[in-house]
Each structure stands twice: as C-alpha cells, then as structure tokens.
Amino acid sequence: MLRNLFCGLMVAGMLLATSCQQQELTPSVGEEAVVTINVGTPEIATRAFSDGTTATHFQYAVYDEAGKELKDLTVSNGEIHGSTTVSLKLKTGGTYSILFWAAAPNAPYTVNLDNATMVVDYSTAVSNDENRDAFYYYVQPFEVTGSASMNVEMRRPFAQLNIGTADYGDAASAGFIPTESYVKVPVYSKLNFANGEVMGDAASVLFDYAAIPTTEAFPVTGYQYLAMNYLLVPASKETIEVEFGYNNAEGNGEEVRKVGAVPVQRNHRTNIYGNLMTSTID
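Heads up: these notes are all about the structure in this document. (Residues numbered from 1 in each chain as written. Predicted model: local features only at pLDDT ≥ 70, side-chain atom pairs only at ≥ 80, totals over all residues. Heavy atoms only, no water.)

**A short note on the overall build of the protein**
Selection rule: The helix and strand labels rest on DSSP assignments: H or I over at least four residues marks a helix, E over at least two residues marks a strand, and numbering proceeds from the N terminus. Contacts are residue-level and defined by heavy atoms, with any inter-residue pair within 4.5 Å sufficient. The protein chains shown are the only cover counted for residues, whose accessible areas, like all others here, come from Shrake-Rupley with a 1.4 Å probe.
The helix and strand inventory of the protein stands at two helices and 18 strands. Of all intrachain contacts in the protein linking residues separated by at least 6 positions in sequence, the fraction that spans at least 24 positions is 74%. When the accessible surface of the protein is totalled, it reaches about 14700 Å², and 50% of it is carbon and sulfur.

**Overview of the pattern of salt bridges**
Let me state the cut-off plainly: Any carboxyl oxygen of Asp or Glu that lies within 4 Å of a side-chain nitrogen of Lys or Arg is treated as forming a salt bridge with it. When a residue's accessible area, from a 1.4 Å probe over protein chains only, is under 20% of the maximum for its type it is buried; when over 50% it is exposed; and in between it is partly exposed.
Scanning all chains against the criterion turns up five salt bridges. Between Arg-156 and Asp-133 there is a salt bridge, and its shortest N-O distance comes to 2.7 Å. Taken together, the residues Arg-156 in the loop between strand S9 (148-153) and strand S10 (158-165) and Asp-133 in the loop between strand S7 (117-120) and strand S8 (134-143) connect sequence positions 23 residues apart. According to the relative accessible area criterion, Asp-133 is buried, its value standing at 0%. Here Lys-258 ties to Glu-243 by a salt bridge, and the two come within 4.0 Å at their closest N and O atoms. Residue Lys-258 is located in strand S17 (residues 255-264), and its partner Glu-243 is located in strand S16 (residues 238-248); the two are separated by 15 residues in the primary sequence. A cluster of three or more residues bridged by salt bridges with shared partners is formed by Glu-69, Lys-71 and Asp-114.

**A short note on empty space enclosed by the protein**
Put simply, the rule is: Both cavities and pockets are sets of points on a 1 Å grid over the protein atoms alone; in a cavity a 1.4 Å probe fits but cannot get out, in a pocket the set is open with protein on both sides within 12 Å along at least five of seven lines, and lining residues sit with an atom within 4 Å of a point. Grid points are joined across faces, edges and corners, and a volume is the space filled by probe spheres set on the points. Think of it as three bins: nonpolar holds Ala, Val, Leu, Ile, Met, Phe, Trp, Tyr, Cys and Pro, charged holds Asp, Glu, Lys and Arg, and polar takes everything else, Gly as well.
Under the definition given, this model contains one cavity of 30 Å³ or more. The space that makes up the largest cavity amounts to roughly 30 Å³. Lining the largest cavity are Tyr-109, Val-120, Tyr-122, Arg-132, Phe-158, Tyr-230, Leu-231 and Leu-232. When residues in the lining of the largest cavity are grouped by element, the largest group, three residues, is from strand S15 (residues 224-232). Grouping the constituent residues of the lining of the largest cavity by class yields seven nonpolar, no polar and one charged.

**Structural notes on the side chain of Thr-56**
Secondary-structure assignment places Thr-56 in the loop between strand S1 (32-40) and strand S2 (57-63). Take Thr-56: its relative accessible area is 17%, and that puts it in the buried class. Beyond its immediate sequence surroundings of up to four residues, Thr-56 is in contact with Gly-78, Glu-79, Ile-80, His-81, Ala-103, Ala-104 and Pro-105.

**Some thoughts on the sheet that holds strand S13 (residues 198-199)**
Consider a sheet: its strands pair through backbone hydrogen bonds, and that pairing is either parallel or antiparallel. We apply this condition: Strand pairing requires that DSSP identify at least two bridges connecting the strands.
Here we have four strands laid out as an open sheet, ordered S6-S7-S12-S13, and antiparallel in their pairing. Across the chains shown, the open sheet's two edge strands, defined by having one partner strand only, are strand S6 (109-112) and S13.

**Looking at the environment of Thr-110**
Mapped onto the secondary structure, Thr-110 falls in strand S6. Assessed through its relative accessible area of 55%, Thr-110 is described here as exposed. Sequence separation between Thr-110 and Asp-121 is 11 residues; the distance between their C-alpha atoms is 7.8 Å.

**A few points about the packing of aromatic side chains**
What counts here: Note on ring pairs: Phe, Tyr and Trp rings are taken, using the six-membered ring of Trp, and paired if centres are within 6.5 Å. Classes follow the plane angle, with under 30 degrees stacked, over 60 edge-to-face and the rest tilted.
Inspection of the entire model under this criterion finds 15 aromatic pairs. Judged by centre distance (6.0 Å) and plane angle (85 degrees), the rings of Tyr-122 and Phe-207 are edge-to-face. Residue Tyr-122 is located in the loop between S7 and S8, and its partner Phe-207 is located in strand S14 (residues 203-211); the two are separated by 85 residues in the primary sequence. Residue Tyr-122 shares its accessibility class with Phe-207, and that shared class is buried. These aromatic residues form a ring-pair network of at least three members: Trp-101, Tyr-109, Tyr-136, Phe-158, Phe-193 and Tyr-230.

Laid out in structure tokens, this is it:
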C-alpha cells in the first residue's frame, strides 16, 4: 500500500513537472491564441443625455497586417449594454487591428467595416435626438505572441453641443413658453476609424425643430436645456458658428440667435448658456 502510494506520488510529481515545463514554452508561430477584449462605453451609470444607453447595436471587425477585413471574425449585428466581452482566436506571430462600434438600432450612420469608415445621414436630422449617440474604438496594429486580454473603452466620435438658459420663468411671465428648438451648425459627414480623421469639408447642417428636453439635467447648475446635439467634428479643437432657434406650441413665436467662435472638440462637451431668451450668452 505504502509503495503503491509512493509511486503514485512520484508519477504525479513527474506529470506536474512536465506540465510546468510546457507552460514556459513559447507558442509556435501560426498556432491559435485566444485574445479576450473587455469592451465598454463610458458614463453608463446615470440616466441622462450621453449616458450611452441608446447605443446597444454592436459591431466589430478584425483586420490583418495589410488592413484586410477578416470576414470570418466580423460581427455586424451584435448587442451591447454598457459593456461586453469579445474573445477572438488569432494566429500567433500575426499582426492585427480591431474596430469596435456601438450605436442605437437604426441610427443614421452607415458603417463600412471593409474599409473602416462611417458616413452620417443628415437628411432627416432633428434636434435633441439622443438616438444619434454612438461610440467607437480602433485598436491599432498589435502582434499576437500568445493568449492575452485587454480593456477597451469606446469613445464618442462627436462633440456634444448643449444649449441652456436660466430665464424660462421670465419668458413665461412675458407670455412666451418655448416648446421646440433647432440648431444649425457646420459638421462633417464621414469618419475614417483607422486614423480618426474626418473626411471632406464641413457643411452647414440643420438639426430641425423637435421638442425641447424637459427631463434632462443641464451640465451647468441653474440652467435648463434649450437644445442638445451630437456633432461630427475633428479630434482637435476648432471653432464654429452656431445658430439656434426656439418656438412656442402655436408656432408663431420663433426666436433665432447666433453665437460665433464656439469651441468644439470630439468627445468633449461644449455648453452655451445664459439668459438666452432675454439677455446675454456665455
């Protein structure tokens, strides 16, 4: 009994030693390795504009060293609710890049996974549309040396333009209660995910009249929303002219304002606020 048990322990020890030696070996080039990516969107905890909850349609594509889409690994109709985990079997020694994209179902964006670009449709754009929120992340080329994991936080390709006022009460006392707003701004229509650059020239786009948000908290305390829009802009800061208007329920009290040299930048908020219906703008 003792002898058999001793032999069994010796064999177990030999197997363990062999196993440890195998783990230390470098995987051969061309073997499959599992790369696990934890993908998430920011600001998902609190229900408000830009909380990311509308961006549930999830897509991703993997590209080889030459930038060719590996279609067997593409997911074009996935789902995300704040975060998800993607596991990919990739060849060791290979170099890959990965595009992740999330937007609302039926959002006005055409994503071409083959060449990693996105085009915005402004033909039916209206103001205050949270369904235009979206996120992306492009993992730059990396070499697979073995199984690994990484964390990815997607970011907006847009600037968020918020317009707020503190004089709703004064306007109401004067008999004017705005219920709809529009915004007209220069924006871009195409984005290259791989290098993050907008393509073409900025063009003036009308985000047409729609109901003013009444349940969202303006980012600056003491002000209420007049309008909110997502603008496709470059990664670096630039200044634009913003035109916005508001109307009452009867449609006969339109007021229009223009603000010049407004700074906007991708994945940043710009807040225009003041007593916009009766006085000045900050």
